[in-house]
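# Notes for the structure review
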Amino acid sequence: MAILLTGGAGFIGSHTSVELIKAGYDVVLVDDFSNSSPEVLNRLKTITGKEIPFFQGSILDKDFLTQVFQENDIEAVIHFAAFKAVGESVAQPLKYYHNNITGTISLLEVMQEQGVKKIVFSSSATVYGMNNVSPLTEDLPTSATNPYGYTKVMMEQILMDLAKADADWSVTLLRYFNPIGAHESGLIGEAPNGIPNNLMPYITQVAVGKLAELSVFGDDYDTADGTGVRDYIHVVDLANGHALALKHNLTEKGTHIFNLGTGNGYSVLDLVKAFEAENKVAVPYVIKERRPGDIATCYADASKAKEVLGWTAQKDLHDMMRDSWKWQSQNPNGYDK
């Protein structure tokens, strides 16, 4: 029996595949390389010592997905495959709604046809919207401020409705906070296309000389230094959260929702200072206007994951800064040689 990872060559999917293999699972990866690189597969083989079964294609292609299920003994799915750039989703909403929502429905229809009714879904803290107060708990109402966020809200709703309609489904919704860091080997990490949308790869690309300076959007928030506060989690901790969530999913039916975060908030300038101190590299920055839709503070209450899954984040800010820089400095152009 194997676990299928859609978007398995991506930042979180690749790290999760490593931790699942370490935990004794067989994994099968699907990806269309729209936001990832085939080189990831070579790096994964180096790290795990295994040739991981891989199929290139889109989750929008039901015939392709059906073939993957029929050729492999799939027990459960971890669903990572989605477009995730907030700004792009505002500019191209149809692209996001089609890929993320239609793609998920396509996957679920094939799973249902093949009798596979266990899924762990890659969701996001963005579903908590603008109006909930941190620390954020799983029972809060969900909303969104952009098309990307709405796709996550809607995909969660589809999965919850499916589990309500058919008691045989096991649905786990994992709401990530802000994954950063990289595998300790420096072989795999975050390699965004174009200008990064997330803070950490922006910092590392400035540090490595690819970008001239970091843009800090707003320094007048109601926080200690005026910059936005977020809950940053090491991607390996996040990957281990998936392994424990999967173990729970394989035996527990119904819908289960977990935050995966550290429960600690760090500001943009906290991250810059920690990165400079840990790696002895300067990160010049410039303050710019706030971005619409950004909130002052967002961090998790991750106590449910601890109580139910036995999961807590193990790595601290120093680990995140060190591993992010090791990845970027060893791979200044990401997976491109």
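The protein carries the name UDP-glucose 4-epimerase in an unreviewed UniProt entry, which gives Streptococcus loxodontisalivarius as its organism. Taken directly from UniProt, the Subunit (unreviewed entry) text for the protein runs: "Homodimer." Taken verbatim from the UniProt record of the protein, the Sequence similarities (unreviewed entry) comment is "Belongs to the NAD(P)-dependent epimerase/dehydratase family."

### Details of the pattern of salt bridges
When the charged atoms of two side chains with opposite charge come close together, those side chains can pair. Taken as a whole and assessed by the stated rule, the structure comprises 13 salt bridges. Across the pair Asp 294 and Arg 291 runs a salt bridge, and its minimum N-O distance is 2.9 Å. A relative accessible area of 38% means that Arg 291 is categorised as partly exposed. A salt bridge links Asp 319 to Arg 322; the shortest N-O distance between them is 3.0 Å.

### Quick word on the side chain of Lys 152
Tracing the backbone through its elements, the reader meets Lys 152 in helix H6 (residues 147-165). Apart from the residues lying within four places of it in its own chain, the contact partners of Lys 152 are Ala 82, Phe 121, Ser 122, Ser 123, Ser 124, Thr 126 and Val 127.

### Some points on the nonpolar core
Counting 39 residues, the largest nonpolar core has Leu 5, Leu 20 and Leu 246 as the members making the most contacts within it. When residues of this core are assigned to their parent elements, the largest contribution, six residues, is made by helix H8 (residues 235-249). When neighbours within four sequence positions are excluded, Leu 5 is seen to be in contact with Gly 13, Thr 16, Ser 17, Leu 20, Val 27, Val 28, Leu 29, Val 30, Ile 78 and Phe 80. Grouped together as the second largest cluster of nonpolar side chains are 29 residues, Leu 4, Val 28, Leu 65 and Leu 107 included.

### Some remarks on the packing of aromatic side chains
Under the counting rule described, the total for this entry stands at five aromatic pairs. For the pair Phe 33 and Phe 54, a centre-to-centre distance of 5.2 Å together with 25 degrees between the ring planes defines the contact as stacked. Here the residue Phe 33 occupies a position in the loop between strand E2 (26-31) and helix H2 (39-48), and Phe 54 occupies one in strand E3 (residues 54-56), the gap between them amounting to 21 residues. Relative accessible area serves as the criterion here: at 21%, Phe 54 is assigned to the partly exposed category. If you follow Arg 290 out to its NZ or CZ, it ends over the ring of Tyr 221, 4.0 Å from the centre. The aromatic ring of Phe 258 is capped on one face by Lys 304, whose charged end is 5.2 Å from the ring centroid.

Reading guide: rules and limits
Residues numbered from 1 in each chain as written. Predicted model: local features only at pLDDT ≥ 70, side-chain atom pairs only at ≥ 80, totals over all residues. Heavy atoms only, no water. UniProt positions renumbered as here; feature names shortened; annotations may be inferred. Salt bridge = Lys/Arg side-chain N within 4 Å of Asp/Glu carboxyl O. Buried < 20%, exposed > 50% of the residue type's maximum accessible area, 1.4 Å probe, protein only. Helix = DSSP H or I, 4+ residues; strand = E, 2+ residues; numbered from the N terminus. Contact = heavy atoms within 4.5 Å. Core = buried A, V, L, I, M, F, W, Y, C linked by side-chain atoms within 4.5 Å. Phe/Tyr/Trp six-rings, centres within 6.5 Å; stacked < 30°, edge-to-face > 60°. Lys NZ or Arg CZ within 6 Å of the ring centre and 35° of its normal.

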